[in-house]
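# Examining the three-dimensional arrangement
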2 protein chains.
Amino acid sequence: MLRSHNCGELNIKDIDKKVVLCGWVQKSRDLGGMTFIDLRDRYGITQLVFNMNTDAELCKKARKIGREYVIKAKGIVVERSNKNKNMPTGEIEIIVNDLEILNESKVPPFTIEDNTDGGEALRMKYRYLDLRRNVNKNNLVLRHKMAMEIRNYLNAADFLEIETPFLIKSTPEGARDFVVPSRMNTGKFYALPQSPQTFKQLLMIAGLDRYYQIVRCFRDEDLRADRQPEFTQIDCEMSFVEQEDILNIFEGLAKHLFKTIKNIDADTFPRITFADAMKYYGSDKPDIRFDMKFVELNDVMQGKGFKVFDDAEIVVGICAENCGSYSRKQLDKLTDFVKKPQVGAKGLVYIKCNDDGTFKSSVDKFYSQEDLKIVAEKTNAKPGDLVLILSGETEHTRKALCELRLEMGNRLGLRDPEKFAPLWVTDFPLFEWSEDKQRFLAKHHPFTAPKPEDLDLLEKDKKNVRSNAYDLVINGNEIGGGSIRIHDKNLQKRMFRALGFTEEQAQQQFGFLMNAFEYGAPPHGGIAFGFDRWCAVLSGSESIRDFIAFPKNNSGRDIMIDSPSSISDEQLDELNLKNIEKE
Amino acid sequence: MLRSHNCGELNIKDIDKKVVLCGWVQKSRDLGGMTFIDLRDRYGITQLVFNMNTDAELCKKARKIGREYVIKAKGIVVERSNKNKNMPTGEIEIIVNDLEILNESKVPPFTIEDNTDGGEALRMKYRYLDLRRNVNKNNLVLRHKMAMEIRNYLNAADFLEIETPFLIKSTPEGARDFVVPSRMNTGKFYALPQSPQTFKQLLMIAGLDRYYQIVRCFRDEDLRADRQPEFTQIDCEMSFVEQEDILNIFEGLAKHLFKTIKNIDADTFPRITFADAMKYYGSDKPDIRFDMKFVELNDVMQGKGFKVFDDAEIVVGICAENCGSYSRKQLDKLTDFVKKPQVGAKGLVYIKCNDDGTFKSSVDKFYSQEDLKIVAEKTNAKPGDLVLILSGETEHTRKALCELRLEMGNRLGLRDPEKFAPLWVTDFPLFEWSEDKQRFLAKHHPFTAPKPEDLDLLEKDKKNVRSNAYDLVINGNEIGGGSIRIHDKNLQKRMFRALGFTEEQAQQQFGFLMNAFEYGAPPHGGIAFGFDRWCAVLSGSESIRDFIAFPKNNSGRDIMIDSPSSISDEQLDELNLKNIEKE
């Protein structure tokens, strides 16, 4: 090794040791007779000292060293006179007696500091420099630890880590595949997996019982902010289980991560059905760090002559504690918020609960104090609180109120990133209507098992078929989801029919799985977690990109390596492909 | 859970327990009054018993159950009268009192037994059934354990597991890339990584110090037997190290695997230079489970009038112990062997060392007994041994003799798959002449550091530049290889020039890495292991395919899922691509 120690481990116990350190120059200070260099590596920072009186030549050499130079310094550990209690190495410094410049550095395009002066595009282009910053380095260390602890937990529970193929087959169902032209099989294409779904089910049919994999997946979707064309999934499947078993085992995994990563002892996770999640939070991934549940107010608010409410499918409100003193201006801002296209409400009705027990609302002329008192009671509003009410078509209104609820949560400081509120959302609908395709699609995927009690509805009332599907939600983020799978070939055929597949289409796309179902498929189910997202949520961050070593930008480009890029005509030719120009 | 226990864990200590087991019917035997079912799952086999006298209906139900049906059986553990000491559950059986058929099975297309009747193509098509066989299941369990132990070792040594991108950039250097057309960036392509080489170097420049990843890699090569278009690599890189440090750390990893997987305490691995490996074994991956080193015989054998030897660049032999009694027919077969096109020798000269101290050779008329005695001494041949000699152009002859040596090793039973002989091969040449391209290519890759003492030869004598590159070889298989990397931007530029890159080409293809070298690249090096191969070698197997859950065949096809396959015109159209027909 070029070094005897790293830059994060020496302390007062190492006084008088002869050491060799290697690292990058964080900063250097020239104080006349003395020169100090903060030497940085992955593990920390150690202060190097050069003394003009004892070795002028070495000190002069040190003075010429710029930021981010890579150096190797030999010296002796001594106690600092001016101790820095805030850093692990802050009680010592190294009196250097030999110095080697291992590599020079140009002045970096942005400062390698916790608060850098570089914009995002610049930092993406020089990602290898951005990763030298503590925040990014720590994110990757956290990701490493999470992966390690996930494996520790699952290995201990007899799960086998099994790798599945990346060069698979394109299926039109679901999101768009990335495809890979095959040179050896002219005119044919592989597809990159959107998930190892069918392979993990085949592993269950193979009798392998408990499978997991931390695996890259790919989706060629139009990118939204914070979506990546490639992302990492913790993919798991089990045989001979019911939904309850899966929830228990993976609640255990989540608790293990809370404990080992955040040192938090989590309570049993609450569970809520999809229907209730929509009813009380307007979202299938409610943030339950704070309460502020929806209260439906149709019975009180309708039939009193206020046409907007009278015409509405739903009138629904929330109570914002201690916001009764909101000014006209603050209330106008809230109205502006709900009218934003992303939220989409037509207007906002408020009721202030005055300290004297009276009420002041924006629709006072339609409602008596008695009416408003009933609303206050229903929404659990106390004097000093503010009730906010939206109305309209149910789904749309709930979605808008969900946004308002989160906004109020933010304003009231109720969404503490250091607080964690996990929950299970269960009983998802099996199907989802696609406006785009004008037919029902599988909400999850075509292999999800309907609830046995809803089987009758499969053909006649798709909208109301519930499935044995579940999501793990933390702080309003969907961390993972899964389902009990269909393992009966006849039910699977029925499901494909319900999704509008002809027998031939089902056979062509999923024939291998249908075939496998003929040979003793066990009852099975599983779950998959978004690893990037889980890392972000446990760090209290909103951005998955910060937890990926080399992320792509919003156009799916890696601007550091300049990819995607053109390939040679020879390469295209070998693949029997031609680029076509579009006018 | 549908079961209380698995099929591998119950034994004499569990007598009288009420249990529920789930699994597949391995076989059933109907012995009149009693029916026995061997129930199989991932963990083992447990015998179920049904008694016609105590529950006729249940017993009749059991009799109808076919092979590979999935069943759930409730019952009581009892001691067997007829114990089977060969299986962990062999002392007990389950008296079943409730039986549920969880799924039926067609008769499988081949028997799910250790010795199956299915051909390879059939077993590939029904891979999910083939994986139910012990041999394949055990291979995947071994792979899981290896991955776990690799991570345990590297995590304990402060390595960070960091994921690198799969959608990267195509580079014409090296093997052929699989490419992925980008829909969002018209006419542009990603490439799938042949290895994360440049990214791991960037991680070192990012200061992350010790990196590893067990990661899928892709190579669009014409497939040979036992090559897969996608394969898994254990990819590692370290900073502030010299070659010696890397060899030590990864020898430690190999020893850890020998110990934890095979319970073998391995000695220090021998090391040999590439030059010596070629000289003594004719191979850069010598199988040193047995000795039989090459002995060069030019000095004794040339100038005695035997034209074949006199004209040869090299005359080189091996001693096969105790083969002096080989018959004419046996010797002819050896001659046929070396003349095979894959071996390529023109002929074979032998010298039998008779028990009486005399010699009998195929070229007796050219050599005296005294000459032959010198050969015997040089090759360390004793009475009863056989010396086998080839001659010709050096490289070609060594390669042929290597094949002959391995063949003799096989014949003499010297290549025991349960014996392991690891070694390091070092000092690989930096360049390799390509007949195809009529220029020198990088033997390893363009980032490998030349040995400092050979730097002068970089421009004037490429053939003789040695590199700080090394391979780990076990039992004649290259398990992994790596090198110290260039970290100096000027040397890297010189290297690209030496490889025939123009400044522009180097910049276009590797600009991001050259750029990164401007900002403080630390000295670094690394290694990558073929994970599939390592699994195979530790199992004494020649085939990597047996250690991959869902392998592809020799045409790169997955015949189970029927991939690669056609994609729709819409998909092609979205990618702005057209298939072209070739006449």
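Here the structure is a predicted model, which means the values were calculated and not measured. (Residues numbered from 1 in each chain as written. Chains lettered and ligands numbered in written order. Predicted model: local features only at pLDDT ≥ 70, side-chain atom pairs only at ≥ 80, totals over all residues. Heavy atoms only, no water.)

## Some remarks on the interface of chain A and chain B
To keep things clear, this is the line we draw: Any two residues having at least one pair of non-hydrogen atoms within 4.5 Å are treated as being in contact. The term buried area refers to how much accessible surface (probe radius 1.4 Å) is lost by two components on association, counted for both of them together. The term salt bridge refers to a side-chain nitrogen of Lys or Arg lying within 4 Å of a carboxyl oxygen of Asp or Glu. Pairs of N or O atoms are called polar contacts if they sit within 3.5 Å, as long as, within protein, a hydrogen donor faces a hydrogen acceptor (for residues adjacent in sequence, only side-chain-to-side-chain pairs). The helix count covers DSSP runs of H or I at least four residues long, the strand count covers runs of E at least two residues long, and both are numbered beginning at the N terminus. All residues other than Ala, Val, Leu, Ile, Met, Phe, Trp, Tyr, Cys, Pro, Asp, Glu, Lys and Arg, Gly among them, are scored as polar; the first ten of these are nonpolar and the last four charged.
Counting residues at the interface gives 124 residues for chain A and 124 residues for chain B. Between chain A and chain B, roughly 11400 Å² of surface is buried when both sides are summed, and carbon and sulfur atoms account for 57% of that area. In this structure, Arg151 of chain B engages Glu161 of chain A in a salt bridge whose closest nitrogen and oxygen atoms are separated by 2.9 Å. Where chain A touches chain B, the interface holds 66 residue pairs in polar contact (both at pLDDT 80 or more). The biggest single contributor to the side of chain A that touches chain B is helix α4 (residues 134-156) of chain A, with nine residues. Of the residues belonging to the side of chain A that touches chain B, the class tally is 65 nonpolar, 25 polar and 34 charged.

## Let's talk about the relation of the copies chain A and chain B
Each copy of the chain is related to the other by a rotation around an axis and a translation along that axis. The test is simple: Overlaid copies result from least-squares superposition on C-alpha atoms, with residues included only where pLDDT is at least 70 in both.
Of the transformation placing chain A onto chain B, the axial shift is 0.0 Å and the rotation is 180 degrees, giving an RMSD of 0.1 Å. The superposition of one copy onto the other is thereby described by a two-fold rotation axis. When the interface residues of chain A are mapped onto chain B, 100% of them again fall at the interface, so both copies present the same face.

## Some details on the sheet that holds strand β4 (residues 70-79) of chain B
Residue and element names in this part refer to chain B. Rules: Only when DSSP finds a minimum of two bridges between them are two strands counted as paired. Interaxial angles span 0 to 180 degrees and are taken between N-to-C directions of axes, which are lines fitted to C-alpha atoms, for helices over the stretch in contact.
A barrel is described by the order of its strands in space; here five strands give the closed sequence β1-β2-β3-β5-β4, paired in mixed fashion. Looking at each pair of strands side by side, their axes are set apart by 55 degrees on average, direction ignored. Where strand β3 (residues 44-51) meets strand β5 (residues 92-103), two bridges bridge the pair, whose relative direction is parallel. Among the inter-strand pairings, Val49 is bridged to a residue of β5, identified as Ile95. Strands β1 (18-31), β2 (34-41), β3 and β5 of the sheet are contacted by helix α1 (residues 56-63), whose axis makes an angle of about 65 degrees with β5.

## Structural notes on the pattern of salt bridges
Residue and element names in this part refer to chain B. Filter applied, for reference: Under the scheme applied here, a residue whose accessible area is under 20% of the maximum for its type counts as buried, over 50% as exposed, and between as partly exposed, the area being computed with a 1.4 Å probe on protein chains only.
Applying the stated criterion to the full structure yields 102 salt bridges over all chains. Measuring nitrogen to oxygen at the nearest pair gives 2.9 Å for the salt bridge that ties Arg132 to Glu68. With Arg132 in the loop between α3 (127-130) and α4 (134-156) and Glu68 in the loop between α1 and β4, this pair connects stretches of sequence that are 64 residues apart. When its relative accessible area of 3% is taken as the criterion, Arg132 is described as buried. Take Glu68: its relative accessible area is 1%, and that puts it in the buried class. For the salt bridge of Glu244 with Arg271, the shortest nitrogen-to-oxygen distance reads 2.8 Å. With Glu244 in helix α6 (residues 243-262) and Arg271 in strand β11 (residues 271-273), this residue pair connects regions lying 27 residues apart in the sequence. For Glu244, a relative accessible area of 39% puts it in the partly exposed group.

## Description of the domain arrangement of chain A
Note the following rule: Each domain span listed reflects an automatic or database assignment of domains.
When the domains of chain A are assigned, the result is domain 1 (12-103), domain 2 (138-271 + 423-547) and domain 3 (290-415). Computed from C-alpha atoms alone, the centre-to-centre distance between domain 1 of chain A and domain 3 of chain A is 62 Å.

## Regarding the packing of helix α10 (residues 328-339) of chain A against helix α12 (residues 394-411) of chain A
All names here are of chain A. For the record, the criterion: Should an angle fall under 35 degrees it is taken as roughly parallel, and over 145 as roughly antiparallel, whereas 65 to 115 is taken as roughly perpendicular and any remaining angle as oblique. Throughout, a crossing is termed right-handed when the near helix is turned clockwise from the far one, and left-handed when it is turned anticlockwise from it by less than a right angle.
Relative orientation of the contacting elements α10 and α12 amounts to 140 degrees, with a least axis distance of 10 Å. Judged by the angle between their axes, α10 and α12 are oblique. The handedness of the crossing between α10 and α12 comes out as right-handed. Only Glu403, Leu404, Glu407, Met408 and Arg411 of α12 make contact with α10, whose side of the interface consists of Leu334, Phe337 and Val338.

## What about the packing of aromatic side chains?
Residues and elements named next belong to chain A. To keep things clear, this is the line we draw: Put simply, two rings from Phe, Tyr or Trp (the six-membered ring, in Trp's case) pair if the centres are within 6.5 Å, and we call them stacked under 30 degrees between planes, edge-to-face over 60, tilted for the rest.
Overall, the coordinates contain 49 aromatic pairs over all chains when judged by the stated rule. Judged by centre distance (6.3 Å) and plane angle (85 degrees), the ring pair of Phe447 and Phe496 falls under edge-to-face. Here the residue Phe447 occupies a position in the loop between β19 (439-442) and α13 (457-460), and Phe496 occupies one in helix α14 (residues 489-498), the gap between them amounting to 49 residues. Each member of the pair, Phe447 together with Phe496, is buried. Taking 5.0 Å as the distance between ring centres and 50 degrees as the angle between the ring planes, the aromatic pair formed by Phe496 and Phe501 counts as tilted. There is no split in this pair, since Phe496 and Phe501 are both buried.

## Examining helix α7 (residues 274-281) of chain B
Residues and elements named next belong to chain B. Formally: It is the directions from the helix axis to the C-beta atoms that the arc portrays.
When α7 is considered as a whole, its buried residues turn out to be Phe274, Ala277, Met278 and Tyr281. Angular distribution of buried residues about the axis of α7 spans 105 degrees; they occupy a single face of the element. Among the structural elements, β11, α12 (394-411) and β17 (422-426) are those in contact with the buried residues of α7. Where α7 terminates, the next one or two residues include Gly282, which has phi positive at roughly 65 degrees.

## Some details on unusual backbone geometry
Residue and element names in this part refer to chain A. The omega torsion across Ser563 and Pro564 is 0 degrees, close enough to zero to call that bond cis. The topology assignment puts Pro564 in the loop between α16 (531-538) and α17 (569-574). Of note, Asp16 is a non-glycine position whose phi angle comes to about 80 degrees, a positive value. Inspection of the secondary structure puts Asp16 in the segment before β1 (18-31).

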